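# Inside the fold
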Amino acid sequence: MNTSYIEIRNLSKKYTVKDNSVEALKGVSLTIPKNEIFGVIGLSGAGKSTLVRCINLLEKPDDGEVIIDGQNLLELSKQELRLKRQKIGMIFQHFNLLEQQTVLENVCFPLEIRRVPKAERKKKALEFLEKVGLADKANAYPSQLSGGQKQRVAIARVLTNEPEVLLCDEATSALDPETTKNILNLLKHIHDTMGITIVIITHEMRVIKEICTQVAVLDNGVVQECGSVKDVFENPQSKSAKRLLLIGETEEANYVG
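What comes next is a walk through the structure. (Residues numbered from 1 in each chain as written. Predicted model: local features only at pLDDT ≥ 70, side-chain atom pairs only at ≥ 80, totals over all residues. Heavy atoms only, no water.)

With mixed pairing, the 6 strands of this open sheet are ordered in space as β6-β7-β8-β3-β9-β10. Here the strands that pair on one side only, and so sit at the sheet edges, are β6 (88-91) and β10 (222-228). Ignoring which end each strand starts from, the neighbouring axes of this sheet average 15° apart. Each of β6 and β7 (165-169) touches helix α5 (residues 147-159); the most contacted strand, β6, lies at about 170° to it. (Pairing = 2+ DSSP bridges. Helix = DSSP H or I, 4+ residues; strand = E, 2+ residues; numbered from the N terminus. Axes fitted to C-alpha atoms, helices over the stretch in contact; angles between N-to-C directions. Contact = heavy atoms within 4.5 Å.)

This is the structure we're talking about:
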């Protein structure tokens, strides 16, 4: 039986830009079960990226709690938070690879920071490059790779810390549909073989439909609807979900066409 693994309680975050106050999150609460592939979908400006950055405290919320595996992150010391963050991997839209370093060196980087011995980190990095299907690219540089290959390297790099949670912030939005499908299949495989809880942040409905079991619809900093992907998309209750459904159907028709 699934147990609660990530608890987000009444999360609020406000930004002040040139004397204007913007509420990015307004009392967001979510429960994400262990080993789930959980989606958060919303249009641009909905508060998705702020939410994902608050989950690992890259952004500190103004109010609320973030509880992962029973630990309230906001109550941890700096040292405790640093250790906890090693188990919370993050994948971004733009890969964030070190251009002057080889693929192998990029994947070794987190292990180098942790002062893992050189032979051990090389062995581990090659193991994860094998897992993402890029062992043959170990000595290549990021500039020699396609977008999909770069994202695979970024995934391998995150996996070297053997995370328990993987946060994906628009991880496929810079990729074409076929490459997106391949990356989602890889994430599914990682979930199945490593038992990682995955949170997918996206504006694309096809990404949610492809990989997620549950989804929360975020709009204007508020969770408008939450439930199984089947229920939310087959019988949307909120205006936000209905709008996303309409946009998604149009995009799918254009893609097929």
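This next bit is on unusual backbone geometry. Of note in this structure, asparagine 10 is not a glycine but carries a positive phi near 50°. Along the polypeptide, asparagine 10 turns up in strand β1 (residues 4-17). Of note in the backbone geometry, phenylalanine 95 takes a positive phi value of approximately 70° without being a glycine. Looking at where phenylalanine 95 falls in the secondary structure, it is placed in the loop between β6 and α3 (103-113).

The next subject is α5. Each α-helix turn comprises 3.6 residues. Residues three or four places apart therefore point the same way. Between the first and last C-alpha of α5 there are 19 Å, a value that for 13 residues agrees with the 18 Å anticipated at 1.5 Å per step. The buried fraction of α5 is high, at 10 of 13 residues. Looking at α5, one finds that the buried residues are Gly148, Gln151, Arg152, Val153, Ala154, Ile155, Ala156, Arg157, Val158 and Leu159. Packing partners of the buried residues in α5 comprise β6, α3, α4 (118-131), β7 and α6 (177-194). (Expected span 1.5 Å × (residues − 1). Buried < 20%, exposed > 50% of the residue type's maximum accessible area, 1.4 Å probe, protein only.)

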